[in-house]
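Residue strings, one per chain:
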Amino acid sequence: MLDEKTIAVIKSTVPVLEVHGTAITTRFYERMFTSHPELLNIFNHANQKQGRQQTALANAVYAAAQHIDQLESILPAVKRIAHKHRSLGIRPEHYPIVGQHLLAAIQEVLGDAATEEILEAWAAAYGVIASVFISVEADMYKESEEQAGGWGDFRPFIVKRKERESEVITSFYLVPQDGGQLAAFEPGQYVSIKLAIPGEANTHIRQYSLSDAPAKPYYRISVKREEAVGDRPAGKVSVFLHQQVEEGDVLMLSAPAGDFTLDQKDDKPVVLLSGGVGLTPMISMLNTLADSGTDRAVTFIHAAQHGDVHAMRGHVEDVVRSNPRFSVYWCYERPTERDRREAAFHKEGFVDLEWLIHTAGNRESSFYFCGPTPFMKKVRDSLLAWGVEDKNIHYEFFGPAGSL
Ligand SMILES: Cc1cc2nc3c(=O)[nH]c(=O)nc-3n(C[C@H](O)[C@H](O)[C@H](O)COP(=O)(O)OP(=O)(O)OC[C@H]3O[C@@H](n4cnc5c(N)ncnc54)[C@H](O)[C@@H]3O)c2cc1C
Ligand code: HEM
């Protein structure tokens, strides 16, 4: 444990580091990738380019430092990150590398302000924070390796079936190449896929939520093709999966991970809200609730741009038809002429508080949602304005977690 003096130094320098947060982490990545180019096989280059990972890592280090004398209070946040780390194959030997380059970057950016005392305090604090992560992750690796059908790093899966769900979303049904058992998972969890794209220097790892209920003879992921728009390049992994990966091909998968999961012991009504491809974990939850024969009321609310890019509509309507306590509502941002002719949607525009109250009905429900960040912000703000308790609000980011 750290002594009081070290804790005082850490707490007094957090605000200074916050000011330089992004400069330090940006420099840290530059240094680290220069001396350890093999780590480019693990990190997401698009997140790097857009500065998203820099912000996430900086925030996490300062949050941890701020709570250095009571790290147990940030354990839920540590666990969420640790799930991601475990799915990426981060191991204890990676931590000293990060520590060394983070310290060097702090020294470089702060210049003379980085006294010996400050650097020593931060080295000690990083050691404490890293050991918490390492220990939480060790438990997660153990659990994931020891469970029936489980494994530690990446396992080859065969694409058994590839199925188009909409103009932009395609599902992949995956079975273990070794013919072995599948590990159980919680609805809402994701897997990491590690892809070697011919001609590319590095492998690319991305997360995809499992989009069907557990206990099927396959894992299913459903991927949106991220097209190039203007000077924004096309998405590497999603486009490769759509265009190049065919039935019979092999994909490397992590074991399921993540703490955004449906609480199946809860007996409150459930409201599942999604925007665009954010529907994947919601479909897993919906199917799980339907398979369980639950008597909870379930409301499925989905926002799409219009009917042509609306995935799994028929499936959701079938599930709702066979479960009298389930209901469904569609919100289209820009309905097509056909959507209008067929009265294919319940609301035009965006989800708002009034419509949420109208559709969800009961603010004592458990709310789960996922979608683009502006959608999630609108949903969360609306739920809080309605008086929904924080403990009943659960959401997932399809990227480095930010704040809403
Ligand atoms: C927990 C979790 C679950 C997820 N579940 C799903 C799911 O079920 N289905 C799904 O489809 N996705 C899901 N995602 C998102 C998925 O992991 C990928 O992020 C997504 O498929 C895009 O990856 P990509 O390789 O195609 O795009 P990338 O190459 O990673 O690019 C991502 C975006 O960044 C932009 N970009 C890239 N380089 C630059 C640059 N230099 N400048 C500016 N912009 C740039 C691209 O145009 C693109 O829009 C999930 C993510 C998480 C974290
Ligand atoms: C105590 C030290 C560390 C902290 C506080 C930390 C924090 C974080 C945070 C906050 C995220 C974003 C999680 C999210 O998606 O919401 C993240 C992701 C990640 N971390 Fe760490 N991390 C640490 C150590 C490491 C180490 C040692 C490695 C390996 C070298 C590593 C590799 C990654 C990778 C590859 C990602 C995914 C980023 C991406 O999108 O490319 N981290 N980490």
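These numbers come from a predicted model, not from an experiment.

### Re the nonpolar core
When a protein is soluble and globular, its nonpolar side chains tend to lie buried together. Ranked by size, the top nonpolar core spans 47 residues in total, and within it Ile10, Met32, Ile68 and Trp122 carry the most contacts. When contributions to this core are tallied by element, the ones reaching two or more residues are α1 (4-19), α2 (21-35), α4 (52-66), α5 (75-88), α6 (94-110) and α7 (116-146). Top contributing element to this core by residue count: α7, with 12 residues. What Ile10 contacts, discounting residues up to four positions off in sequence, is Ala65, Ile68, Ala121, Trp122 and Ala125. By size, the runner-up hydrophobic cluster in this structure holds 31 residues, among which are Leu262, Ala290, Val319 and Tyr368.

### Brief notes about the side chain of His302
Inspection of the secondary structure assignment puts His302 in strand β8 (residues 298-304). You can call His302 buried: its relative accessible area is 1%. Discounting chain neighbours no more than four positions away, the residues touching His302 are Ser274, Gly275, Gly276, Leu279, His310, Tyr329, Trp330 and Cys331.

### Digging into the coordination of the iron atom of ligand 2
Among protein residues, the single donor to the iron atom of ligand 2 is His85 (NE2), with a metal-donor distance of 2.1 Å. Looking at the element boundaries, His85 is found in helix α5.

### Re the environment of Ser254
Note on placement: Ser254 falls in the loop between β6 (250-253) and β7 (270-275). Judged by its relative accessible area of 0%, Ser254 falls in the buried class. Remark: the alpha-carbon pair of Ser254 and Ile357, spanning 103 residues in sequence, is separated by 39 Å. The residues touching Ser254, leaving out its near neighbours within four places in the chain, are Ser87, Trp151, Asp153, Phe154, Val191 and Ser192. Separated by 2.8 Å, the side chain of Ser254 and the backbone nitrogen of Ser192 make a polar contact.

### Quick notes on the domain arrangement of the protein chain
Domains assigned within the protein chain are domain 1 (4-146), domain 2 (155-253) and domain 3 (270-396). Computed from C-alpha coordinates alone, the two centres of domain 2 and domain 3 are separated by 24 Å. Taken residue by residue, the interface counts 20 residues in domain 2 and 16 residues in domain 3. Together domain 2 and domain 3 conceal approximately 1,400 Å² of surface at their shared face, both sides included; 61% is due to carbon and sulfur atoms. It is Glu167, Ile169 and Pro187 in domain 2 that bury the most area against domain 3; as a group they hold 26% of the surface buried on that side. Taken together, the links from domain 2 to domain 3 amount to 1 salt bridge. Lys216 is paired through a salt bridge with Asp291; the nearest N and O atoms lie 3.3 Å apart. Run the count over domain 2 and domain 3 and you get 4 residue pairs in polar contact (both at pLDDT 80 or more). Elements with a minimum of two residues in the side of domain 2 that touches domain 3: β2 (169-176) and β5 (219-224). If you tally residues by element for the side of domain 2 that touches domain 3, the top one is β5, at 3 residues. Grouping the amino acids of the side of domain 2 that touches domain 3 by side-chain chemistry returns 8 nonpolar, 6 polar and 6 charged.

### Some words on the pattern of salt bridges
Taken as a whole and judged by the stated rule, the model has 25 salt bridges. Put simply, Asp178 and Arg155 hold a salt bridge, and the shortest N to O gap is 3.0 Å. Linking Asp178 in the loop between β2 and β3 (190-195) with Arg155 in strand β1 (residues 155-164), this pair joins segments that are 23 residues apart in sequence. The closest approach of N and O atoms between Lys216 and Asp212, which form a salt bridge, is 4.0 Å. Through salt bridges with shared partners, a single network forms among Arg27, Glu30, Arg31 and Glu108.

Basis of the calculations
Residues numbered from 1 in each chain as written. Chains lettered and ligands numbered in written order. Predicted model: local features only at pLDDT ≥ 70, side-chain atom pairs only at ≥ 80, totals over all residues. Heavy atoms only, no water. Core = buried A, V, L, I, M, F, W, Y, C linked by side-chain atoms within 4.5 Å. Buried < 20%, exposed > 50% of the residue type's maximum accessible area, 1.4 Å probe, protein only. Helix = DSSP H or I, 4+ residues; strand = E, 2+ residues; numbered from the N terminus. Contact = heavy atoms within 4.5 Å. Donors = N, O, S within 2.8 Å, 3.2 Å for Na, K, Ca; no water. Polar contact = N/O pair within 3.5 Å; in protein donor to acceptor, adjacent residues only side chain to side chain. Domains from an automatic or database assignment. Buried area = accessible area lost by both parts, 1.4 Å probe. Salt bridge = Lys/Arg side-chain N within 4 Å of Asp/Glu carboxyl O. Nonpolar A, V, L, I, M, F, W, Y, C, P; charged D, E, K, R; others polar.

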